[in-house]
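Here's the letter readout for the chains.
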Amino acid sequence: MKKNKNLLTLLIIIFLIFLSKQVNAEIAKVDTNFDGKMDQWKHTNDGKLTKIEYDTNFNQIIDQIEHFHGEKIMVRAEFDSNDDGRMDQIQHYSQSGKLERVEKDSNSNGIFDWVEFFNTNEKIVRIEVDKNGDGQIDIWQQFDENQKLILTKYDSDKNGKLDRWDYFANEKLVKVGFDTNEDLKPDQWQYFQGSNIVAKVENDTNFDGKTDYWEYFDSSGKLIKREADRNFDGKPDLVEDQ
């Protein structure tokens, strides 16, 4: 009996704590466009702003939520970009209010499959994508200090291993590396000229980390020459003009 009384007392204390928090929590409702319908809800607790909900397109569906910490510092923002009632973009901020990370449900299927990472200057540095929604990243994009794409890495066959590397200069594709034997190292390189036309292909046919077979193409993409290093000494010993 004493044990039951102690449990009841504990439940009453928890309820009173919950009730006191509810009393201190307030919601201010605002009709920003004066159409007679509320479209903004400001949540406070003990006088401190904790959350703002928005109906930005005035259709009676909340499509933006901002979360705050401390002195009105936003730490997270959520967005429903397609008005389906589900948040599909979440932006995370540092304690100083700077954007750090953006998560996206790019297919609007309830799975967050796209993440953008930002540096302390709020410039994008990396994007990670789960293309097939299996919870594993299979595309990585890297950006330079000017937020220009410089490298994209792929797990093309979705086996958890990198097998393709795309390199860019001035946001134009200049080189692609392929791993054909799953040793996590490229053994074929394709070099591009204008309009993504292949200019040269290099192959490491014995997977020793050195190129031993070359193919050259003209500006139209036509093969014009082949070279091979048959004894793997680093020098072509067979040349075929096409």
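Scroll up to find the structure.
What counts and how
- Residues numbered from 1 in each chain as written.
- Predicted model: local features only at pLDDT ≥ 70, side-chain atom pairs only at ≥ 80, totals over all residues.
- Heavy atoms only, no water.
- Helix = DSSP H or I, 4+ residues; strand = E, 2+ residues; numbered from the N terminus.
- Rg over C-alpha atoms; globule rule 2.2 N^0.38 Å.
- Buried < 20%, exposed > 50% of the residue type's maximum accessible area, 1.4 Å probe, protein only.
- Contact = heavy atoms within 4.5 Å.
- Areas by Shrake-Rupley, 256 points an atom, 1.4 Å probe, with all protein chains shown as cover.
- Lys, Arg positive; Asp, Glu negative; His and termini not counted.
- Charge placed at Lys NZ, Arg CZ, Asp CG, Glu CD.
- Phe/Tyr/Trp six-rings, centres within 6.5 Å; stacked < 30°, edge-to-face > 60°.
- Lys NZ or Arg CZ within 6 Å of the ring centre and 35° of its normal.
- Core = buried A, V, L, I, M, F, W, Y, C linked by side-chain atoms within 4.5 Å.

Novice: Requested: an account of the overall build of the protein, with residues and values cited.
Specialist: Within the protein one finds one helix and 18 strands. The C-alpha atoms of the protein give 29 Å as radius of gyration, which overshoots the globular expectation for 242 residues (18 Å, by more than 25%). Taking the principal axes of the C-alpha coordinates as reference, the protein spans close to 90 × 55 × 30 Å. In the protein, which comprises 242 residues, the share counted as buried stands at 30%. The long-range share in the protein, meaning contacts at least 24 apart out of those at least 6 apart in sequence, stands at 6%. With the model as given, the accessible surface of the protein reaches about 15,500 Å², and the carbon-plus-sulfur share is 52%. Counting 33 positive and 48 negative side-chain charges, the protein places the averaged centre of each group 6 Å from the other.

Novice: With reference to specific residues and values, describe the side chain of D63.
Specialist: Its location among the elements puts D63 in the loop between β3 (48-54) and β4 (64-69). When residues no more than four places from it in sequence are discounted, the contact partners of D63 are Y54, D55, T56, N57, E78, F79, D80, D83 and M87.

Novice: Account for the packing of aromatic side chains, naming residues and giving values.
Specialist: Going through the model one piece at a time under the given rule, you end up with one aromatic pair. Sitting over the face of the ring of Y216, K225 holds its NZ or CZ atom 5.0 Å from the ring centroid.

Novice: Got a sec to walk through unusual backbone geometry? Specific residues and values, please.
Specialist: At Q147, a position not held by glycine, the phi torsion is positive, near 65°. Summarising the element assignment, Q147 is placed in the loop between β10 (139-143) and β11 (149-154).

Novice: Can you break down the nonpolar core residue by residue, with the values?
Specialist: With 15 residues, the main nonpolar core has L99, F118, I124, I127, F143 and L173 as its most contacted residues. Contributions of two or more residues to this core are made by β7 (99-104), β9 (124-129), β10 and β13 (172-178). Of all the elements, β9 adds the most residues to this core, at three residues. Non-local contacts of I124, meaning those with residues more than four positions away in its chain, are made with E116, F117, F118, F143, D144 and Q147.

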